[in-house]
Amino acid sequence: MLNVVVRSLCVILIGVLMVVLREAFMPVIIQFVGAAFVVSGAISLFNVYVLNKRGVSRKFDIFVLATAGVAGIALGVWLLLSPAMFLSMLMLLLGVLLLVIGLYQLAMLLMEQRRLQLSFYMYVVPLLLLAIGVLVIVNPFEAAGLPFLVVGIGAILAGLSDLVGSLYLIHRSKAIK
(Lines give C-alpha, C1' and ligand atoms only; values in the text may rest on other atoms or scores of the structure.)
Protein backbone atom coordinates (compact mmCIF):
# COMPACT_ATOMS: atom_id res chain seq x y z
CA MET A 1 0.00 0.00 0.00
CA LEU A 2 2.90 2.35 0.67
CA ASN A 3 3.87 2.24 -3.02
CA VAL A 4 0.36 3.40 -3.98
CA VAL A 5 0.61 6.31 -1.55
CA VAL A 6 4.03 7.31 -2.90
CA ARG A 7 2.81 6.95 -6.49
CA SER A 8 -0.26 9.06 -5.67
CA LEU A 9 1.87 11.79 -4.13
CA CYS A 10 4.15 11.78 -7.20
CA VAL A 11 1.16 12.10 -9.55
CA ILE A 12 -0.22 14.97 -7.44
CA LEU A 13 3.19 16.69 -7.51
CA ILE A 14 3.46 16.32 -11.29
CA GLY A 15 -0.09 17.65 -11.66
CA VAL A 16 0.66 20.67 -9.46
CA LEU A 17 3.85 21.37 -11.43
CA MET A 18 1.94 21.12 -14.72
CA VAL A 19 -0.66 23.59 -13.46
CA VAL A 20 1.75 26.03 -11.83
CA LEU A 21 4.66 25.77 -14.27
CA ARG A 22 2.83 24.92 -17.50
CA GLU A 23 4.77 27.53 -19.48
CA ALA A 24 8.00 25.81 -18.40
CA PHE A 25 6.71 22.35 -19.38
CA MET A 26 5.88 23.27 -22.98
CA PRO A 27 9.45 23.93 -24.15
CA VAL A 28 10.69 20.81 -22.37
CA ILE A 29 8.15 18.61 -24.17
CA ILE A 30 9.03 20.23 -27.51
CA GLN A 31 12.71 19.61 -26.78
CA PHE A 32 11.97 15.94 -26.07
CA VAL A 33 10.25 15.73 -29.46
CA GLY A 34 13.28 17.46 -30.99
CA ALA A 35 15.61 14.93 -29.40
CA ALA A 36 13.47 12.12 -30.81
CA PHE A 37 13.76 13.65 -34.30
CA VAL A 38 17.54 13.90 -33.95
CA VAL A 39 17.81 10.26 -32.86
CA SER A 40 15.47 9.11 -35.62
CA GLY A 41 17.42 11.09 -38.22
CA ALA A 42 20.71 9.71 -36.96
CA ILE A 43 19.34 6.17 -37.22
CA SER A 44 18.25 6.87 -40.81
CA LEU A 45 21.72 8.15 -41.69
CA PHE A 46 23.30 5.13 -40.02
CA ASN A 47 21.05 2.89 -42.14
CA VAL A 48 22.24 4.74 -45.25
CA TYR A 49 25.81 4.01 -44.20
CA VAL A 50 25.02 0.32 -43.64
CA LEU A 51 23.23 0.04 -47.00
CA ASN A 52 26.16 1.66 -48.78
CA LYS A 53 28.60 -0.70 -47.02
CA ARG A 54 26.54 -3.70 -48.16
CA GLY A 55 26.56 -2.42 -51.74
CA VAL A 56 22.79 -1.98 -52.00
CA SER A 57 22.08 -0.41 -55.37
CA ARG A 58 18.61 1.04 -54.71
CA LYS A 59 19.74 4.65 -55.11
CA PHE A 60 16.25 6.11 -54.74
CA ASP A 61 15.65 4.31 -51.42
CA ILE A 62 19.02 5.46 -50.14
CA PHE A 63 18.32 9.03 -51.29
CA VAL A 64 14.92 9.09 -49.54
CA LEU A 65 16.41 7.61 -46.37
CA ALA A 66 19.29 10.09 -46.38
CA THR A 67 16.95 13.03 -47.03
CA ALA A 68 14.62 11.93 -44.23
CA GLY A 69 17.61 11.56 -41.91
CA VAL A 70 19.01 15.01 -42.64
CA ALA A 71 15.55 16.61 -42.43
CA GLY A 72 14.83 14.84 -39.15
CA ILE A 73 18.10 15.99 -37.63
CA ALA A 74 17.56 19.56 -38.87
CA LEU A 75 14.00 19.71 -37.49
CA GLY A 76 15.17 18.12 -34.23
CA VAL A 77 17.99 20.62 -33.77
CA TRP A 78 15.55 23.48 -34.48
CA LEU A 79 13.14 22.13 -31.84
CA LEU A 80 15.97 21.67 -29.36
CA LEU A 81 17.42 25.15 -29.86
CA SER A 82 14.28 27.25 -30.18
CA PRO A 83 11.20 25.51 -28.80
CA ALA A 84 9.47 28.82 -28.02
CA MET A 85 9.72 29.98 -31.63
CA PHE A 86 8.35 26.65 -32.87
CA LEU A 87 5.50 26.81 -30.37
CA SER A 88 4.55 30.37 -31.29
CA MET A 89 4.63 29.54 -35.01
CA LEU A 90 2.50 26.43 -34.46
CA MET A 91 -0.04 28.32 -32.37
CA LEU A 92 -0.14 31.16 -34.91
CA LEU A 93 -0.82 28.64 -37.67
CA LEU A 94 -3.56 26.95 -35.63
CA GLY A 95 -5.10 30.31 -34.75
CA VAL A 96 -5.19 31.38 -38.40
CA LEU A 97 -6.67 28.01 -39.34
CA LEU A 98 -9.46 28.40 -36.76
CA LEU A 99 -10.09 31.95 -37.97
CA VAL A 100 -10.36 30.84 -41.60
CA ILE A 101 -12.66 27.92 -40.75
CA GLY A 102 -14.90 30.23 -38.69
CA LEU A 103 -15.04 32.81 -41.49
CA TYR A 104 -15.82 30.14 -44.08
CA GLN A 105 -18.63 28.65 -41.99
CA LEU A 106 -20.03 32.09 -41.28
CA ALA A 107 -19.97 33.02 -44.98
CA MET A 108 -21.75 29.77 -45.89
CA LEU A 109 -24.42 30.39 -43.28
CA LEU A 110 -24.93 33.98 -44.44
CA MET A 111 -25.36 32.81 -48.04
CA GLU A 112 -27.89 30.16 -46.96
CA GLN A 113 -29.71 32.66 -44.73
CA ARG A 114 -31.13 34.27 -47.88
CA ARG A 115 -32.68 30.99 -48.97
CA LEU A 116 -33.48 29.34 -45.64
CA GLN A 117 -34.63 30.62 -42.30
CA LEU A 118 -31.68 29.71 -40.06
CA SER A 119 -31.72 29.81 -36.30
CA PHE A 120 -29.31 32.03 -34.38
CA TYR A 121 -27.85 28.86 -32.87
CA MET A 122 -26.42 27.91 -36.25
CA TYR A 123 -24.06 30.88 -35.92
CA VAL A 124 -22.74 30.01 -32.45
CA VAL A 125 -19.98 27.58 -33.47
CA PRO A 126 -18.57 29.71 -36.33
CA LEU A 127 -18.52 32.75 -34.04
CA LEU A 128 -16.80 30.70 -31.32
CA LEU A 129 -14.22 29.52 -33.86
CA LEU A 130 -13.57 33.13 -34.86
CA ALA A 131 -13.17 34.18 -31.23
CA ILE A 132 -10.90 31.26 -30.37
CA GLY A 133 -8.81 31.88 -33.48
CA VAL A 134 -8.30 35.52 -32.51
CA LEU A 135 -7.46 34.57 -28.91
CA VAL A 136 -4.89 32.01 -30.06
CA ILE A 137 -3.29 34.52 -32.45
CA VAL A 138 -3.20 37.28 -29.83
CA ASN A 139 -2.00 35.08 -26.96
CA PRO A 140 -0.35 31.93 -28.36
CA PHE A 141 1.52 30.85 -25.23
CA GLU A 142 -1.52 30.96 -22.98
CA ALA A 143 -3.50 28.98 -25.56
CA ALA A 144 -0.72 26.40 -25.78
CA GLY A 145 -0.64 26.08 -21.99
CA LEU A 146 -4.32 25.20 -21.70
CA PRO A 147 -3.86 21.45 -22.38
CA PHE A 148 -1.20 21.33 -19.66
CA LEU A 149 -3.64 22.98 -17.26
CA VAL A 150 -6.34 20.41 -18.05
CA VAL A 151 -3.95 17.43 -17.82
CA GLY A 152 -2.40 18.85 -14.64
CA ILE A 153 -5.80 19.18 -12.98
CA GLY A 154 -6.62 15.64 -14.12
CA ALA A 155 -3.36 14.35 -12.61
CA ILE A 156 -4.08 16.11 -9.32
CA LEU A 157 -7.57 14.59 -9.19
CA ALA A 158 -6.28 11.11 -10.11
CA GLY A 159 -3.55 11.33 -7.47
CA LEU A 160 -5.95 12.57 -4.81
CA SER A 161 -8.40 9.81 -5.66
CA ASP A 162 -5.69 7.15 -5.41
CA LEU A 163 -4.34 8.65 -2.20
CA VAL A 164 -7.71 8.92 -0.48
CA GLY A 165 -8.70 5.42 -1.63
CA SER A 166 -5.40 3.93 -0.44
CA LEU A 167 -5.52 5.66 2.93
CA TYR A 168 -9.13 4.54 3.35
CA LEU A 169 -8.19 0.93 2.55
CA ILE A 170 -5.22 1.07 4.94
CA HIS A 171 -7.48 2.45 7.68
CA ARG A 172 -10.17 -0.20 7.01
CA SER A 173 -7.57 -3.01 6.95
CA LYS A 174 -6.23 -1.95 10.35
CA ALA A 175 -9.77 -1.78 11.78
CA ILE A 176 -10.52 -5.34 10.63
CA LYS A 177 -7.36 -6.82 12.23
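Residues numbered from 1 in each chain as written. Predicted model: local features only at pLDDT ≥ 70, side-chain atom pairs only at ≥ 80, totals over all residues. Heavy atoms only, no water.

Colleague: Outline the packing of helix 4 (residues 83-115) against helix 6 (residues 140-176), supporting the account with residue identities and numerical values.
Modeller: As a packed pair, helix 4 and helix 6 sit with axes 9 Å apart at the nearest point and diverge in direction by 90°. Of the possible angle classes, the one that applies to helix 4 and helix 6 is roughly perpendicular. Across from A84, L87, S88 and M91 in helix 4, the residues of helix 6 making contact are P140, F141, A143 and A144. Among the residues making up the contact of helix 4 with helix 6, the classes are represented as 7 nonpolar, 1 polar and no charged. (Axes fitted to C-alpha atoms, helices over the stretch in contact; angles between N-to-C directions. Helix = DSSP H or I, 4+ residues; strand = E, 2+ residues; numbered from the N terminus. Parallel < 35°, antiparallel > 145°, perpendicular 65-115°, else oblique. Contact = heavy atoms within 4.5 Å. Nonpolar A, V, L, I, M, F, W, Y, C, P; charged D, E, K, R; others polar.)

Colleague: Quick one: what's the story with the packing of aromatic side chains, residue by residue and with numbers?
Modeller: Applying the stated criterion across every chain, the model contains 3 aromatic pairs. Residues F46 and Y49 carry aromatic rings whose centres are separated by 6.4 Å and whose planes lie at 35° to one another, so their mutual orientation is tilted. Remark: Y49 and F46 occur in helix 2 (residues 22-54); sequence separation between them is 3 residues, near one turn of the helix. When its relative accessible area of 47% is taken as the criterion, Y49 is described as partly exposed. A centroid spacing of 5.4 Å and a plane angle of 85° characterise the contact between W78 and F86, whose relative ring orientation is edge-to-face. (Phe/Tyr/Trp six-rings, centres within 6.5 Å; stacked < 30°, edge-to-face > 60°. Buried < 20%, exposed > 50% of the residue type's maximum accessible area, 1.4 Å probe, protein only.)

Colleague: Let's hear about helix 3 (residues 59-81): which residues, and what values?
Modeller: When the terminal C-alpha atoms of helix 3 are compared, their 33 Å separation across 23 residues agrees well with the 33 Å that a helix rising 1.5 Å per residue should span. Inspection of helix 3 places I62, G69, G72, G76 and L79 among the buried residues, and these make up the whole buried set. Residues of helix 3 that are buried sit in contact with helix 2 and helix 4. (Expected span 1.5 Å × (residues − 1).)

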